[in-house]
Amino acid sequence: MYSAHTVICGAGIIGLTIARELLKAGFDDIIIFDKEPEPGKHASGRNSGVLHAGIYYDPGTLKAKMCLEGNRRMQAYCEERGLPLFRSGKVIVARTEDELSTLDELQRRATANGGTVEMIDERQLAEIEPNARTVGRALHSPFTAVVDPRAILAAMRTELEQSGKVRFFFDTRFIGAKKNAAATSQGDISYQQFINAAGAYSDRVAQAFGIAENYRLLPFKGIYRVLKKPAADKIRGSIYPVPNIRNPFLGVHFTRSVHGDVYVGPTAIPAFGRENYGILKGLDSEFLSILFRDLHMFLENEKFRTIALEEPRKYLFKYFFNDAARLVKHIAPHDVLPSSKAGIRPQLVDIKNNQLVMDFVVERFGNTVHVLNSISPAFTSSMYFAELVVKEHVTGA
C-alpha cells in the first residue's frame, strides 16, 4: 500500500494549484494521482487559455471573488517563469439593441467585482478591434489575457516534483473509497487527508464517499474552428458576444492565442459522455444515464431546454458560421477551417430542483475535501481558489 499525508485525486489545474498551496502551508508529503499519463489531459489542457477579468459573475459569488485576483496571479506566474502570455484585452459586442441592457449589467457586475472595464462607442471599438461589429456600443476589458494552459501545467508539474515533497502517480484510476484510503488501479493509497479535484468525475468520486448525492455533472461539448489568413490577421485580441447571463456559457467568440492562431468557438452542446470529444468518440456505459438526465433536464429546466435546442445545430457549419459572423464586419465561409480542438465542460446540476449550479462548490466530509463544480473561470481563478480551499477546508493549514 502506498501512503501520504495528503492525497489529491486529479492532476488538472485545481489539483496542481492546491498542491502548491499545501506546500506553502507547510505540508511536505503529498501524492497526486490521475488516470491519464500527464497533467491536464481534459478541461485544464483543452480550454481557450483566456484569463477572464471578473466581468460576468454575480457580485458576492465565489467566481466573482476569485476571478480577478486569480487573473493577476496567473499572469505574474507566467511572467516569472517566462511562459507565453498575451495581454490581448477583450471586447464584448452587442448583436441587437435588446442586448444593450445586458451589456450595462455586465459593466455593473465588473465594477462591483473590482474589475476595470470601459463602455466604448463604435468609433472607439474600431480603434481597438477594427473588424468587430456592435450595435451602438461595446464593453472593453483591457486586463483580459491569454496563456498557454499546457505550458502552465507542465511548469507546475516540474515545480512540484522538484520540491521533493510531491509524488505523481499517473495512469492511476480511482476505483473507490475505503477507510482512510483510496482504492486505485495501482493499489490502495492511504492518507490522513484526501482532496477530490477530479474535474468531470468529481461527483462520482464524492459519491463514493457517501456525499453529494443530490449532484450530477452533465457534460457540454465545446468544439472550435480556426481562421485562416488573411482573415485571422483582422482579429487583434478577443471578441465576445453579450451572453445570456442566466446560463453559464459565454457563446461562440473569437480568440487570438498566444501562438498567433485565431480560434472561433466554443459551442456548448450537450454531450453524452464525460470524454465525448467527437461525435461517437468518448461514449461509454454512462451514455444512457446521461441521455436520461438530459431528457429530464430538457423537460424540467427552461435554461437547459434553450441550450439543447440551440447549440446542437452548431455541429452544422452553416449555423456555427452564422453565429460567429454576427460579431465581425468581414468574414467569409471559406475563412473558417475545421479544428481538432475540442473540450468538455462538466456542468454541475442539482437534481433535487433540476437547476444548473452557477458557482463553484466545495464540500468537506470528515477528512476529505471535494471540489465539485470547477468550471469556467476555474483556470483563471485557480491560484486564488486553491488558497481558499486550503485555508478554509484543509485541516492543519
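About the thresholds
- Residues numbered from 1 in each chain as written.
- Predicted model: local features only at pLDDT ≥ 70, side-chain atom pairs only at ≥ 80, totals over all residues.
- Heavy atoms only, no water.
- UniProt positions renumbered as here; feature names shortened; annotations may be inferred.
- Helix = DSSP H or I, 4+ residues; strand = E, 2+ residues; numbered from the N terminus.
- Buried < 20%, exposed > 50% of the residue type's maximum accessible area, 1.4 Å probe, protein only.
- Contact = heavy atoms within 4.5 Å.
- Areas by Shrake-Rupley, 256 points an atom, 1.4 Å probe, with all protein chains shown as cover.
- Lys, Arg positive; Asp, Glu negative; His and termini not counted.
- Charge placed at Lys NZ, Arg CZ, Asp CG, Glu CD.
- Salt bridge = Lys/Arg side-chain N within 4 Å of Asp/Glu carboxyl O.
- Pairing = 2+ DSSP bridges.
- Polar contact = N/O pair within 3.5 Å; in protein donor to acceptor, adjacent residues only side chain to side chain.
- Expected span 1.5 Å × (residues − 1).
- Bend = angle between axes of the 7 residues up to and from the residue.

The chain carries the name Aminobutyraldehyde dehydrogenase in an unreviewed UniProt entry, which gives Pseudodesulfovibrio portus as its organism. Within the UniProt record for the chain, the comment given under Cofactor (unreviewed entry) is "FAD".

*Asks:* Before we go on, may I ask you to explain the overall build of the chain in this structure?
*Replies:* For the chain, the count of helices and strands is 11 helices and 21 strands. Dimensions of the chain along its principal axes, counting C-alpha atoms only, are 65 × 50 × 35 Å. Put simply, the chain has 397 residues, and 56% of those count as buried. Counting contacts in the chain only where the partners sit at least 6 residues apart, residues at least 24 apart contribute 73% of the total. Within the structure as shown, the chain displays about 16400 Å² of accessible surface, and the carbon and sulfur contribution to it stands at 51%. Separation of charge centres in the chain, based on 50 positive and 44 negative side chains, amounts to 2 Å.

*Asks:* Can you help me understand the environment of Asn322 in this one?
*Replies:* Examined against the element boundaries, Asn322 turns out to sit in helix 10 (residues 317–325). According to the relative accessible area criterion, Asn322 is partly exposed, its value standing at 38%. Each C-alpha atom of the pair Asn322 and Ala332 lies 10.0 Å from the other, and the pair is 10 residues apart in sequence.

*Asks:* Quick question: what am I supposed to make of the pattern of salt bridges here?
*Replies:* Oppositely charged side chains can form a pair if their charged atoms are brought close together. Applying the stated criterion across every chain yields a total of 27 salt bridges. Between Glu69 and Arg73 there is a salt bridge whose closest N-O contact spans 3.0 Å. With Glu69 and Arg73 both in helix 3 (residues 62–81) and four residues apart, this pair spans about one turn of that helix. Across the salt bridge formed by Arg123 and Glu127, the nearest N and O atoms sit 3.0 Å from each other. Of this pair, Arg123 and Glu127 are both found in helix 5 (residues 122–128), four residues apart, which corresponds to roughly one turn of the helix. Bridged by salt links that share partners, the residues Glu69, Arg72, Arg73, Glu387 and Lys391 form one connected network.

*Asks:* Even after reading the chapter, I still don't get unusual backbone geometry, so can you show me in this structure?
*Replies:* A negative phi angle is the norm for most residues apart from glycine, just as the trans form is the norm for most peptide bonds. With an omega of 0 degrees, the peptide bond between Gly265 and Pro266 qualifies as cis. Relative to the helices and strands, Pro266 is located in the loop between strand 16 (262–265) and strand 17 (269–270). Non-glycine residue Asp171 carries a positive phi angle of around 50 degrees. Take Asp171: it is sitting in the loop between strand 9 (166–169) and strand 10 (174–178).

*Asks:* Whenever I open this one, the pairing of strand 7 (residues 137–141) confuses me. Can you help?
*Replies:* Regular strands place their side chains on alternate faces of the sheet. In terms of burial, strand 7 is largely enclosed, as four of its five residues are buried. By the bridge criterion, four bridges tie strand 5 (residues 90–93) to strand 7 in an arrangement that is antiparallel. The residue bridging Ile92 from the neighbouring strand is Leu139, located in strand 7. With four bridges joining them, strand 6 (residues 118–121) and strand 7 adopt antiparallel strand pairing. Bridge assignment links Glu118 to a residue of strand 7, and that residue is His140.

*Asks:* What is the right way to read the side chain of Asn71 from this model?
*Replies:* Tracing the chain through its elements places Asn71 in helix 3. Asn71 sits in the buried class, given a relative accessible area of 3%. A polar contact of 3.3 Å, which involves the side chain of Asn71, links it to the backbone oxygen of Leu51. Among all residues touching Asn71, those that are not within four sequence positions of it are Leu51, His52, Ala53, Phe143 and Thr380.

*Asks:* Where do I start with helix 11 (residues 378–393) in this structure?
*Replies:* Owing to its 3.6 residues per turn, the α-helix brings residues three or four apart onto one side. Taking 1.5 Å as the rise per residue, helix 11 with 16 residues should run 22 Å; its terminal C-alpha atoms sit only 18 Å apart, a clear shortfall. Residue Tyr384 marks the point of greatest curvature in helix 11, where the axis turns by about 50 degrees. The buried fraction of helix 11 is high, at 13 of 16 residues.

*Asks:* Got a minute to help me understand the side chain of Arg20 in this structure?
*Replies:* Relative to the elements of secondary structure, Arg20 occurs in helix 1 (residues 13–24). Since its relative accessible area comes to 10%, Arg20 is described here as buried. Those residues within four positions of Arg20 in sequence are excluded, and the remaining contacts are Tyr77, Arg81, Met156, Glu159, Leu160 and Met383.

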